[in-house]
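The primary structure of each chain is shown beneath.
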Amino acid sequence: MGTASSLVSPAGGAGEVIEDTYGGGGGEACEIPVEVKPKARLLRSSLRRVGASRPGGLIGASFKSMASVQELECAAEYERLKKEYEIFRVSKSNEVASMVKKEAKLDRENKRLRAELQALQKTYQKILREKESALEAKYQAMERAATFEHDRDKVKRQFKIFRETKENEIQDLLRAKRELEAKLQRLQAQGIQVFDPEESDSDDNCTEITATGAQSEYWTGGALGSEPSMGSMMQLQQSFRGPEFAHSSIDVEGPFANINRDDWDAAVASLLQVTPLFSHSLWSNTVRCYIISTDETQPEVDIFIRNYSPKLQRICETKGYFFQVVHFPSENQSQFKDVRKWEIEKSFLVILLMKSTLSSCLLDDCEEAFLKNPEGKPRLIYRRIEEGTVGSDSVQQLIEQVCYVNKAKIIDHMGEVDEGAYEIANCVEKIIKQDILGYENTELEGKDLGNKEESTASEEDDFGDVLWDAHDEQEQMEAFQQASSSTCELGFEKYYERLNDLVAAPAPIPPLLVSGGPGSGKSLLLSKWIQLQQKHSPNTLILYHFVGRPMSTSSESALIIKRLTLKLMQHSWLVSPLTLDPSKLLEEFPRWLEKLSARHQGSIIIIIDSVDQIQQAEKHMKWLIDPLPVNVRVIVSVNVETCPQAWRLWPTLHLDPLNSKDVKSLINAECSSANIKLTKEQEKKLERHCRSATTCNALYVTLLGKMIACAGSEGNIDETLQQCFQCQDTVSLYRLVLRSVQESLPNDMDKDLMREVLCLITVSHNGVSELEVMELYPELSSALLASLVHSLHKMCLLTYGCGLLKFRHLQAWEMVRLEYMEEGQNISSYRQKLIDYFAMQLSQDRVTWRSADELPWLFQLQGDKQKLHKCLLNLFVSQNLYKRGHFAELLSYWQLVGKDKSSMAAEYFNSLKEYEKSCEGEKSMLCLADLYETLGRFLKDLGLLSQAVAPLQRSLEIRETALDPDHPRVAQSLHQLAGVYMQWKKFGNAEPLYKQALEISENAYGAEHPRVARELDALATLYQKQNKYEQAEQLRKKSFKIRQKAARRKGSSCGFALLRQRALQLEELTLGKDTPDNARTLNELGVLYYLQNNLETAELFLKRSLEMRERVLGPDHPDCAQSLNNLAALYNEKKHYDKAEELYERALDIRRRALAPDHPSLAYTVKHLAVLYKKMKKRTEALPLYERALKIYEDSFGRMHPRVGETLKNLAVLSYEGGDFEKAAELYKRAMEIKEAETSLIGGKTPSRHSSSGDAFSLKSALSPNVFLEHGQR
């Protein structure tokens, strides 16, 4: 028998089975240890294997019993394990159930905590907002409290000074009164009659007071007690003289000591109203030189253009002008007849170069330029003379006619061609200097302009604290002239009435919206209404601004507010530093508006056209929703689609589409200008077409008429009408206009050039000049460019503004952008072309206002911050922008670069240090000093006072080293440095600097120069800030006297010299033409000479005006009364009282019959006749006239109006002279109450004196069709 095939070895450990690897028989059976508990299946398997391997072997009884025990043990162990497993399972189940309960509990707790957290977050946000609101309210309250404290302290100081001054005056007057009464009694006791033959300072220019045979300038004993004396009353009255312009005589300010400020204001405004009479050449920013030449003189033309034109161009550039030479070659003379005539009208200077003959077309040009020159523009004739050569009869006749009218300078040259061109250039240079740049004749002799202008050009412009951009103002004047150029009224009468009602309505009233679709005629309506207001209401001050296309300079809100604020300052006759910070400007503008409204004797109307085109209009025009002074009205125009939602609740005047009658009249006007008459069938087609809102607006119909007029000259009206009828809006019609102009060009090259020019204008900031176009495209001749511009201008595509070519209407700009520049790549390429052009100018150190305007703006649009940063660090570019007041624009560029104020200041200062290393010579060092000064002023405006000191000190050091220490430019540096210290409230540092600047200015210019007055004003302001009011008042009085004397000598700094120059040109316009307009112009010229104290010349013009009005209007017309009144005032000034009395009585008789019994103009004449009677000692005749004038003024303006106070003072004088002392005292007391109210108003502490009712009444009277005001009809 064999043994088991597997053994359980004890050595193997418990439960380990070891297989028998030996196949031989034999072996022994081993017991399975009890400790090992094999599974029953394992044991059975082992036994089967033993039996199979050892057949016939015996199984012992011991093994059998062991198997049975083993099974029992296994079963017991199984039961035990089963129980343990069950216990384990139950416990785990309980644990799982407990965990589930805990999880559910935690979920509920988590949800509760989340809800509490959200509630806490909401509470936190609410508290945070409340905290921010509380802080903001706290800061606002602190600001209000500080302002209140400041105003309260100021009022306390002013009241203290006023009380002390009045107490001292009363004591002095009482003392003088007692002394004079004692003297008077002694003289009367001696039987001596006392009189004073001199004239007083009162309104009636009379102080002869001879009551009861004795002279007494004061109230008699006991009549007034402690009231001021009559002499004090006399001093409070102001001089009133001169022609009829304004009625108030309360304020003595203005350019002349003996001229009332309101008279002067009205005279300036009246003369400015006639500026539309001037042609474009007088306002254009381009010195346009038109050359007429023959084949014989072509060499001189070529030399002049090649050698001398660049120099003249640089001369004009330094003053902000373009120089453009226009010349049509002889072979093209007959092709461009209309273009040549247009160019002659535009040109400032026309030069004729000839030898012996002139062709017929040239003779026509010469006749147009030299014999039909109503504006007296400069003309030059160059005649080359050779021995043995005699000019043709036509040439001789032309020279004789030109010599007869004496309107041209003639150069006869007998030498080489080069010398002739040199003589022409010298003469042109002298004309430009005298007539454009304004240099005196003495400065021209023997000096080269290229050197002179660099040394002195900017001295006068830089002097002063007010930064004014002449280009912005000129752009607005041109925009107004262009908007009002249409001769068609388009049924605007009903809109005029609504605008007049707005002005006459009682305050407060919100701004009026003039709304309409694009091209509906909003600008035309406003400009025409402005002209009517200026004609019928000369006392109304109108401030206007016409916004151009989006993103142009005219649409920048900061520049608009700055311009309007400067206009308010100008009309206030105040020149003071003006902040350039945009946020502060928004605060300053309403204050200046309130200040001027309190002093102005009429309404103030602010008109902003296309206000919705302003960038962020609602944010920057928020002053529109603030309460305005009662005599201020605001009118804004908007497009219906783009009007801000918040403004739609304002009163609105909506422009309706044109009716069929207006459409027909407008088209017929265009056709009649081209001598074309439409058939009835064509008129019916036009009437059917122009029925929708888009096809019957003013611009669309105007373009349609121009297209028909052009087609009529070519004989294809029906074809053109069919093409026009397919255009259902203005943009599509503009596209048709553009294509028609393009088809009229002779070749593809000209068409491509037209496209290039239009695309350049589209991508530019403010347009491009003709000079820039010709430099960008050298293949473009001046003749071709002139022809192209003429065609586009005639079809309302292009216009001029500041010498730049611009789109006339926004729709034209949109059309070109859609037609030529749909792809963004085209826009970038044209922008890059302009960038390269202006960057080349900078690389040549040729920094002009054009490069400063365009280059940073183009970099901004391109998104090239690196190049923009580099451009801004060009010190001359930043200086140009700052000096022209483009402060906000400069700041926006730096913000785009990512620089704050401090880092910007540091970069500028470092750039200046680097630039200083390359400066050599006096000229470059002076230029460096100017740059340092500009940086200092810029930092001062930014509020970086500590950083502004260093550049200003450096500028002072350079000027003291390069110039004499007593040079005026050193005084300029001292003035600017002192201004920083004063703003910094370091008064101890500022005072010695101001005093030193004052001393230098007095030594350099004399004690009565305006710059001395400027230093006195600055020093007075410093003393006022230190509460040294007496010293400040003395300096202000001294400064005021200097300004009056200086203004009397050379006219006002606000444009009097320009007005005088234009007056002489207007004189040429009125010769030989009897019209109401020319009579009015003669009247204004007479007043202008009157205000210059040139009475003889004034008398000639006033007489001519009266004679012309009597011939044209009739001797009983109210305008004749104005001329009679003005002549009477002149004779009154010359002390020809008899003549003055006769003329005043004639004027009064006319106005009694023409005007209402209570009209202010009637009171004006009544009062002046009373003044004259008083001078002539006809007091009985004067007294009822004064009383009548008083009643009219009280009924018209209210009992507290300054004119009422003035008349009351005159009545008090008459009553005193008549012995009625109690009545005189009562009248004088009323007059003083009005005077004190006026003084408080001028201080700006009370609302405007114009009550809404009184203002409305005066305006309704002024706008009544039956009323003829002083300026007459235009």
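Being a predicted model, the structure only gives us computed values, none of them experimental.

Conventions we followed
- Residues numbered from 1 in each chain as written.
- Predicted model: local features only at pLDDT ≥ 70, side-chain atom pairs only at ≥ 80, totals over all residues.
- Heavy atoms only, no water.
- UniProt positions renumbered as here; feature names shortened; annotations may be inferred.
- Helix = DSSP H or I, 4+ residues; strand = E, 2+ residues; numbered from the N terminus.
- Buried < 20%, exposed > 50% of the residue type's maximum accessible area, 1.4 Å probe, protein only.
- Polar contact = N/O pair within 3.5 Å; in protein donor to acceptor, adjacent residues only side chain to side chain.
- Expected span 1.5 Å × (residues − 1).
- Pairing = 2+ DSSP bridges.
- Salt bridge = Lys/Arg side-chain N within 4 Å of Asp/Glu carboxyl O.
- Axes fitted to C-alpha atoms, helices over the stretch in contact; angles between N-to-C directions.
- Contact = heavy atoms within 4.5 Å.
- Disulfide = S-S within 2.5 Å.
- Core = buried A, V, L, I, M, F, W, Y, C linked by side-chain atoms within 4.5 Å.
- 1 Å grid on protein atoms, 1.4 Å probe; cavity = no way out; pocket = protein on both sides within 12 Å on 5 of 7 lines; lining within 4 Å.
- Points joined across faces, edges and corners; volume = space filled by probe spheres on them.
- Nonpolar A, V, L, I, M, F, W, Y, C, P; charged D, E, K, R; others polar.
- Patch = residues over 30% accessible without salt bridge, like charges linked within 9 Å, V, L, I, M, F, W, Y side chains within 5 Å.
- Areas by Shrake-Rupley, 256 points an atom, 1.4 Å probe, with all protein chains shown as cover.
- Lys, Arg positive; Asp, Glu negative; His and termini not counted.
- Charge placed at Lys NZ, Arg CZ, Asp CG, Glu CD.
- Parallel < 35°, antiparallel > 145°, perpendicular 65-115°, else oblique.
- Left-handed = near helix turned anticlockwise from the far one by under 90°.
- Phe/Tyr/Trp six-rings, centres within 6.5 Å; stacked < 30°, edge-to-face > 60°.

J.: A description of the UniProt feature "repeat: TPR" (unreviewed entry) in the chain should follow, citing residues and the corresponding values.
T.: The feature "repeat: TPR" (unreviewed entry), as annotated in UniProt, sits at residues 971-1004, 1079-1112, 1121-1154, 1163-1196 and 1205-1238 in this numbering. Between the end C-alpha atoms of residues 971-1004 the distance is 10 Å, and the span holds 91% helix and 0% strand. The span residues 1163-1196 shows a helical share of 91% and a strand share of 0%, and its end C-alpha atoms are spaced 10 Å apart.

J.: Can you lay out the environment of Glu1206 for me, pointing to particular residues and giving the numbers?
T.: In this structure, Glu1206 sits in helix α47 (residues 1202-1217). With a relative accessible area of 3%, Glu1206 lands in the buried category. Engagement of the side chain of Glu1206 in a polar contact is seen with the side chain of Lys1167, the distance being 2.3 Å.

J.: I'd like to hear about the environment of Tyr1089, residue by residue, with values.
T.: On the secondary structure map, Tyr1089 appears in helix α41 (residues 1076-1091). On the basis of relative accessible area, Tyr1089 is assigned to the buried category, the value being 10%. Remark: the alpha-carbon pair of Tyr1089 and Phe1101, spanning 12 residues in sequence, is separated by 8.7 Å.

J.: Explain helix α33 (residues 901-917) to me, and be specific about the residues and the numbers.
T.: Given a rise of 1.5 Å per residue, 17 residues ought to cover 24 Å, and the 25 Å separating the end C-alpha atoms of α33 matches this to within 8%. Within the sequence span of α33, burial applies to Met904, Ala905, Glu907, Tyr908, Ser911, Leu912 and Glu916.

J.: Break down the pairing of strand β12 (residues 604-609) for me, citing the residues and quoting the values.
T.: The buried fraction of β12 amounts to six of the six residues, a majority that puts the element mostly inside the structure. Strand direction decides the pairing type here: strand β11 (residues 541-546) and β12, joined by six bridges, are parallel. Residue pairing for β12: Phe546 is matched across the bridge by Asp609.

J.: Account for the pattern of salt bridges, naming residues and giving values.
T.: The final tally for this structure, using the stated rule, is 47 salt bridges. Where Glu109 meets Arg112, a salt bridge forms, and the shortest distance between an N and an O atom there is 2.0 Å. With Glu109 and Arg112 both in helix α2 (residues 61-189) and three residues apart, this pair spans about one turn of that helix. Take Glu109: its relative accessible area is 34%, and that puts it in the partly exposed class. Overall, Arg112 belongs to the partly exposed group, its relative accessible area being 39%. Ionic pairing is found between Glu1141 and Lys1178, a salt bridge with its closest N-O pair at 3.3 Å. Taken together, the residues Glu1141 in helix α44 (residues 1137-1154) and Lys1178 in the loop between α45 (1160-1175) and α46 (1179-1197) connect sequence positions 37 residues apart. Lys1178 sits in the partly exposed class, given a relative accessible area of 28%.

J.: Describe the sheet that holds strand β10 (residues 512-516), naming the residues involved and giving the relevant values.
T.: A sheet is described by the order of its strands in space; here five strands give the open sequence β11-β12-β13-β10-β14, paired in parallel fashion. Each of the sheet's edge strands pairs with one partner strand only, and the pair in question is β11 and β14 (652-654). For this sheet, the mean angle separating the axes of adjacent strands, direction not counted, is 15 degrees. In the sheet, β12 pairs with strand β13 (residues 632-639) via five bridges, with the strands oriented parallel. In the strand pairing of β13, Ile606 is matched with Val634. Set on the sheet, helix α16 (residues 557-571) makes contact with β11 and β12; between it and β11 the angle comes to about 160 degrees.

J.: Got a sec to walk through the state of the cysteines? Specific residues and values, please.
T.: Where two cysteines share a covalent bond between their sulfur atoms, that bond is called a disulfide. Counted by the stated rule, this structure contains zero disulfides. Its sulfur unpaired, Cys919 is 7.1 Å from the next cysteine sulfur, which belongs to Cys927. Looking at Cys919, the relative accessible area reads 11%, which means it is buried.

J.: I'd like to hear about the nonpolar core, residue by residue, with values.
T.: Residues Ile667, Leu704, Ile708, Met754, Leu758, Tyr908 and Phe938 are the most contacted members of the largest nonpolar core, which totals 134 residues. Among the elements that line this core, the one with the most residues is helix α34 (residues 922-942), at nine residues. Residues in contact with Met754, not counting those within four places in the same chain, are Leu738, Val741, Gln742, Leu745, Leu788, Leu792 and Tyr820. Counting 55 residues, the second largest nonpolar core, distinct from the first, contains Ala1079, Leu1127, Tyr1173 and Leu1227.

J.: Any chance you could break down the sheet that holds strand β7 (residues 349-354) for me, citing the residues and the numbers?
T.: In spatial order, the strands read β6-β5-β7-β8-β9; together these five strands make up an open sheet with parallel pairing. Either end of the sheet is taken by a strand with one partner, and the two such strands are β6 (322-327) and β9 (409-413). On average, each strand axis in the sheet is tilted by 15 degrees relative to the strand beside it, whichever way the strands run.

J.: Could you give me a rundown of the pairing of β13, with the residues and numbers involved?
T.: Of all the eight residues making up β13, eight are buried; the element is thus mostly covered by neighbouring parts of the structure. Side chains of β13 alternate between two faces, with Val632, Val634, Val636 and Val638 and Arg633, Ile635, Ser637 and Asn639 buried alike. With five bridges joining them, β10 and β13 adopt parallel strand pairing. When the bridges of β13 are listed, Leu512 appears paired with Ile635.

J.: Account for empty space enclosed by the protein, with residues named and values stated.
T.: In the structure shown here, the tally under the stated rule is 11 cavities of 30 Å³ or more. A volume near 110 Å³ is recorded for the largest cavity. Of all the elements in the fold, those that place two or more residues in the lining of the largest cavity are α31 (875-883), α33 and α34. In terms of residue class, the lining of the largest cavity is built from eight nonpolar, three polar and no charged.

J.: With reference to specific residues and values, describe a positive patch on the surface.
T.: Residues Lys677, Lys680, Lys684, Arg688 and Arg691 make up a contiguous surface patch of positive charge. Its location among the elements puts Lys680 in helix α20 (residues 680-689). A relative accessible area of 65% places Lys680 in the exposed class.

J.: Account for the packing of helix α23 (residues 730-744) against helix α27 (residues 810-820), naming residues and giving values.
T.: Running from N to C, α23 and α27 cross one another at 70 degrees; their axes reach a closest spacing of 9 Å. Taken together, the axis directions place α23 and α27 in an arrangement best described as roughly perpendicular. Pair α23 / α27 crosses with right-handed handedness. Note on element contacts: α27 touches α23 through Gln811, Ala812, Glu814, Met815, Leu818, Glu819 and Tyr820, opposite Thr730, Val731, Tyr734, Arg735, Leu738, Arg739 and Gln742.

J.: Before we move on, could you go through the side chain of Gln476 and cite the residues and values that matter?
T.: Mapped onto the fold, Gln476 is located in helix α13 (residues 470-483). The class of Gln476 is buried, set by a relative accessible area of 2%. Side-chain polar atoms of Gln476 contact the backbone nitrogen of Phe546, separated by 2.6 Å. Discounting chain neighbours no more than four positions away, the residues touching Gln476 are Tyr544, His545, Phe546, Ser554 and Arg563.

J.: Explain the side chain of Ser973 residue by residue, including any values.
T.: You can see Ser973 is positioned in helix α36 (residues 968-983). Exposure remark for Ser973: the relative accessible area of 1% places this residue in the buried category. What Ser973 contacts, discounting residues up to four positions off in sequence, is Glu933, Ser955, Leu956 and Arg959.

J.: Describe the packing of aromatic side chains, listing the residues and the values that go with them.
T.: Counted according to the given criterion, the structure contains 19 aromatic pairs. Ring centres of Phe328 and Phe336 lie 5.6 Å apart, and the angle between their planes is 45 degrees; on these two criteria the pair is classed as tilted. With respect to burial, Phe328 and Phe336 carry one shared label: buried. Centre to centre, the rings of Trp342 and Tyr800 are 6.3 Å apart; their planes meet at 40 degrees, and the pair counts as tilted. Residue Trp342 is found in helix α7 (residues 337-346), and its partner Tyr800 is found in strand β16 (residues 798-801); the two are separated by 458 residues along the sequence. Judged on exposure class, the residue Trp342 and its partner Tyr800 are both buried.

J.: Outline a nonpolar patch on the surface, listing residues and values.
T.: Together, Leu135, Tyr139 and Met142 line one region of the surface with nonpolar side chains, adding up to about 300 Å² of accessible area. Position of Leu135 among the secondary structure elements: in helix α2.

J.: Please give an account of the packing of α45 against α46 that cites residues and values.
T.: Running from N to C, α45 and α46 point in directions that differ by 155 degrees, and their axes come no closer than 8 Å. In terms of orientation, α45 lies roughly antiparallel with respect to α46. For the pair α45 and α46, the sense of crossing is left-handed. Residues Pro1160, Leu1162, Ala1163, Tyr1164, Val1166, Lys1167, Leu1169, Ala1170, Val1171, Tyr1173 and Lys1174 of α45 lie in contact with α46, whose contacting residues are Arg1179, Glu1181, Ala1182, Leu1185, Tyr1186, Arg1188, Ala1189, Ile1192, Tyr1193, Ser1196 and Phe1197.

J.: Could you give an account of unusual backbone geometry, with specific residues and numbers?
T.: Phi angles above zero are rare outside glycine, and Asn675 is one such case at about 55 degrees. Residue class for Asn675 comes out exposed when judged on its relative accessible area of 73%. Positioned with a positive phi, Asp845 is a non-glycine residue whose angle comes to about 55 degrees. Positionally, Asp845 belongs in the loop between α28 (824-843) and α29 (849-862). What makes Asp845 exposed here is its relative accessible area of 71%.

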